[in-house]
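# Structural overview for review
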Amino acid sequence: MRDYWLSKLFFDLQSPKVAAEFRADRDSVLDRYSLSPEVRKALAENDAPFLAQRTNAYLLRYYFFTIGMKDAEFVQRLRGG
Amino acid sequence: MASFAGAFASSHGPLLVREWESVPAQQKERLTGAFRELGKRMRAAAPDVLVVVSPDHWSNFFLDNYPAVCIGVGAMSEGPPEAWMKAFPGRELAGHADFASHLLNESLKAGFEPAMSHRLKLDHGSCIPLWRMELERVPALVPMLVNSIEPPMPSLSRCVEWGRLVRKAIETYPGNLRIGILATGGLSHSIGEPTMGAIHEEFDRETIRLFSGSERALIEYLSEELPSRGNGSEEVRNWLVAHGAALGRGFELVDYLPVPAVIVGCGFAAWRAQ
């Protein structure tokens, strides 16, 4: 399953400008995308397994890289740890 | 008429750049040696034009429109958009619009329907091998982006057929050019999946062995194994395009080593022009 807007958020965050905006004011960037409350909650909680079911694995990895999470923690979260 | 200058393949994992300093010295030396050997072979093959077969890592395409295959027909491509590739020497890379258009037309005549682009960004997939091969002169590049990132993807046998088509396009091009093909990506790796970090060395070595054997056995093996060998392994499709362009002959392994620091089974190969 693909959540288009979640994927679009991750895709757009590849832009350094959007990524900087996201770091400065996360909610104002999230408000531009049609995200369900469940998806916003998963983003807030870095719920990688929930997000993984809704987007492409490369985009998911880009997202966690962009927010500064180390790969080791990202993988641990993906595995539900 | 144009002639086939040879086929080449190289891994392209981003951590080859981003995490280069954390690669153990002995592996660094082997990786550097493999890239240089590939560069040496490419210089000897002296292609005027290079068809570069890579996936698009979400640099050009999104879910709005994600082509199975896209051929870059523009006079120029843009250099890598990734911030961590900023040291790559080249913000613009010359293309070869005339051969690219010929390839596009030959494709359509043969019943293949690729997308086309007059301006592509060539991300790390295309650019890491070109960079690390240390070529003094990069040939004119004809990008061929093959989807191995977002399912569903082109079938494995279709990728081989694409390679044969590239070969036919080379051999029917009226210009006096030497044209080679560079496949990038693979071998086994897993990105953004719970298995991220896994390298399947036995799968990689068997895949390498089968490139010297029957095409049918290679396709059967990959069809069976790819679903459980990590999403990055799907990039072997690009190697299949190169294999098809080489008419399935002349495969030579330059080097293979699993490199946990870059989470990729790193493979380097060339097919003799014949």
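Refer to the structure presented above.
Here goes a summary of the coordinates provided. (Residues numbered from 1 in each chain as written. Chains lettered and ligands numbered in written order. Predicted model: local features only at pLDDT ≥ 70, side-chain atom pairs only at ≥ 80, totals over all residues. Heavy atoms only, no water.)

### Regarding the overall build of chain A
Each helix and strand in chain A was counted, giving 7 helices and 0 strands. For chain A, the N- to C-terminal ordering of α and β elements is α-α-α-α-α-α-α. Taking the principal axes of its C-alpha atoms as reference, chain A extends roughly 30 × 25 × 20 Å. Each of the 81 residues in chain A was classed as buried or not, and the buried ones make up 47%. In chain A, of all internal contacts separated by at least 6 residues, the share reaching a separation of at least 24 is 54%. For chain A, the accessible area works out to roughly 4200 Å², and carbon and sulfur atoms hold 52% of it. (Helix = DSSP H or I, 4+ residues; strand = E, 2+ residues; numbered from the N terminus. Buried < 20%, exposed > 50% of the residue type's maximum accessible area, 1.4 Å probe, protein only. Contact = heavy atoms within 4.5 Å. Areas by Shrake-Rupley, 256 points an atom, 1.4 Å probe, with all protein chains shown as cover.)

### Description of the packing of helix 7 (residues 215-225) of chain B against helix 8 (residues 236-245) of chain B
All names here are of chain B. Put simply, helix 7 and helix 8 touch, their axes get as near as 12 Å, and they point 170° apart. In this view, helix 7 runs roughly antiparallel relative to helix 8, as classed from their interaxial angle. Of the residues in helix 8, those in contact with Leu218, Ile219 and Leu222 of helix 7 are Val236, Leu240 and His243. (Axes fitted to C-alpha atoms, helices over the stretch in contact; angles between N-to-C directions. Parallel < 35°, antiparallel > 145°, perpendicular 65-115°, else oblique.)

### Topic: the interface of chain B and chain A
Interface size is often expressed as the accessible area that is lost when the parts come together. Taken together, the contact pairs 22 residues of chain B with 19 residues of chain A. Buried area between chain B and chain A, both sides added, is near 1900 Å², and the carbon and sulfur share of it is 62%. Counting the surface chain B buries against chain A, the share from its top three residues, B:Trp58, B:Phe62 and B:Met196, is 33%. Between B:Glu150 and A:Arg2 there is a salt bridge, and its shortest N-O distance comes to 2.7 Å. Our count for the contact surface shared by chain B and chain A stands at 8 residue pairs in polar contact (both at pLDDT 80 or more). Residue composition of the side of chain B that touches chain A, grouped by class: 12 nonpolar, 5 polar and 5 charged. (Buried area = accessible area lost by both parts, 1.4 Å probe. Salt bridge = Lys/Arg side-chain N within 4 Å of Asp/Glu carboxyl O. Polar contact = N/O pair within 3.5 Å; in protein donor to acceptor, adjacent residues only side chain to side chain. Nonpolar A, V, L, I, M, F, W, Y, C, P; charged D, E, K, R; others polar.)

### Concerning the packing of helix 5 (residues 156-172) of chain B against helix 8 of chain B
Residue and element names in this part refer to chain B. At their nearest, the axes of helix 5 and helix 8 sit 6 Å apart, and the two run at 40° to each other. Judged by the inter-axis angle, helix 5 sits oblique to helix 8. For the pair helix 5 and helix 8, the crossing hand works out as right-handed. Two secondary-structure elements touch here, helix 5 through Leu156, Cys159, Val160, Trp162, Gly163, Arg164 and Arg167 and helix 8 through Arg237, Leu240, Val241, Gly244 and Ala245. (Left-handed = near helix turned anticlockwise from the far one by under 90°.)

### Section: the state of the cysteines
All names here are of chain B. Applying the stated criterion to the full structure yields 0 disulfides over all chains. No disulfide involves cysteine 70; its sulfur sits 15 Å from the nearest other cysteine sulfur, which is in cysteine 159. Take cysteine 266: it sits in no disulfide, and the sulfur closest to it among the cysteines is that of cysteine 127, at 17 Å. (Disulfide = S-S within 2.5 Å.)

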